[in-house]
Amino acid sequence: MFSATLLFSVVALCAKLVSHLGALEITFFRNAVGILFLLAFFNYAKTKRFNTQKLGLLLFRGFIGTVALIAFFYNVSAVSLADAMTFTKTE
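What counts, and where the lines are drawn
Residues numbered from 1 in each chain as written. Predicted model: local features only at pLDDT ≥ 70, side-chain atom pairs only at ≥ 80, totals over all residues. Heavy atoms only, no water. 1 Å grid on protein atoms, 1.4 Å probe; cavity = no way out; pocket = protein on both sides within 12 Å on 5 of 7 lines; lining within 4 Å. Points joined across faces, edges and corners; volume = space filled by probe spheres on them. Helix = DSSP H or I, 4+ residues; strand = E, 2+ residues; numbered from the N terminus. Nonpolar A, V, L, I, M, F, W, Y, C, P; charged D, E, K, R; others polar. Contact = heavy atoms within 4.5 Å. Expected span 1.5 Å × (residues − 1). Buried < 20%, exposed > 50% of the residue type's maximum accessible area, 1.4 Å probe, protein only. Core = buried A, V, L, I, M, F, W, Y, C linked by side-chain atoms within 4.5 Å. Phe/Tyr/Trp six-rings, centres within 6.5 Å; stacked < 30°, edge-to-face > 60°. Axes fitted to C-alpha atoms, helices over the stretch in contact; angles between N-to-C directions. Parallel < 35°, antiparallel > 145°, perpendicular 65-115°, else oblique. Left-handed = near helix turned anticlockwise from the far one by under 90°.

Chemist: Describe the layout of surface pockets, naming the residues involved and giving the relevant values.
Modeler: The space that makes up the largest pocket amounts to roughly 660 Å³. If you trace the largest pocket, you find 18 residues lining it, with Arg30, Asn31, Gly34, Leu38 and Leu69 closest to the centre. When residues of the lining of the largest pocket are traced back to their parent elements, those giving at least two are α2 (23-45) and α3 (55-78). Residue composition of the lining of the largest pocket, grouped by class: 11 nonpolar, 5 polar and 2 charged.

The structure is reproduced here in C-alpha cells:
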C-alpha cells in the first residue's frame, strides 16, 4: 500500500509539472506509458489468451476509469497539489 501511494503521488507530481498541457493530453501520455509497461509484462509473462464473459462490463469499467483519470488530472492542474491529493484520499 505504501508503494502504491508513493507511486500515485509521483504520478500526481509529474502531472502538476506538466499541467500546462490539458488533462486529456496528460491522460493520453499516462495511458501510452501504461500500455508499454503492460505489453512488456504480457510479453515476459507469456500469459494465456484473454477470455471474458462480460466484455461490455469490462469496457464500461475502462471508460469510467478513463473519465476518473481525466477528472483527477484536471483537479491536479486546477488546484494546489496538496489539495488535489487530499481530495483523492477522501472517499
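Chemist: Tell me about the side chain of asparagine 75, and please be specific about residues and values.
Modeler: With respect to the secondary-structure elements, asparagine 75 resides in helix α3. The residues contacting asparagine 75, other than those within four sequence positions of it, are Ala84 and Phe87.

Chemist: Before we move on, can you summarise α2 with the specific residues and values?
Modeler: An ideal rise of 1.5 Å per residue puts 33 Å on 23 residues; α2 measures up with 32 Å between its terminal C-alpha atoms. Where α2 is concerned, the buried positions are Ala23, Ile26 and Thr27. Within two residues after α2, lysine 46 carries a phi angle of roughly 50 degrees, on the positive side.

Chemist: Explain the nonpolar core residue by residue, including any values.
Modeler: Counting 10 residues, the largest nonpolar core consists of Ala12, Ala15, Ala23, Ile26, Leu69, Phe72, Phe73, Val76, Ala84 and Met85. Elements that contribute at least two residues to this core include exactly α1 (2-17), α2, α3 and α4 (81-89). Excluding its chain neighbours within four sequence positions, the residues that come into contact with phenylalanine 72 are Phe8, Ala12, Met85 and Thr88.

Chemist: Which residues make up the packing of aromatic side chains, and what values do they have?
Modeler: Throughout the structure, instances matching the rule amount to 4 aromatic pairs. Ring centres of phenylalanine 8 and phenylalanine 72 lie 5.1 Å apart, and the angle between their planes is 25 degrees; on these two criteria the pair is classed as stacked. One end of the pair, phenylalanine 8, is in helix α1; the other, phenylalanine 72, is in helix α3, and 64 residues separate them in sequence. Classification of phenylalanine 8 by relative accessible area gives partly exposed; the value is 32%. Judged by relative accessible area, phenylalanine 72 falls into the buried class, the value being 8%.

Chemist: A description of the packing of α2 against α3 should follow, citing residues and the corresponding values.
Modeler: If you want to describe how two helices pack, look at the angle between their axes and the distance between the axes. As a packed pair, α2 and α3 sit with axes 8 Å apart at the nearest point and diverge in direction by 125 degrees. Taken together, the axis directions place α2 and α3 in an arrangement best described as oblique. Read as a crossing pair, α2 and α3 show a hand that is right-handed. Of the residues in α3, those touching α2 at Ala23, Leu24, Ile26, Thr27, Arg30 and Asn31 are Thr66, Leu69, Ile70, Phe73 and Tyr74. Of the residues assigned to the contact of α2 with α3, the class counts are 7 nonpolar, 3 polar and 1 charged.

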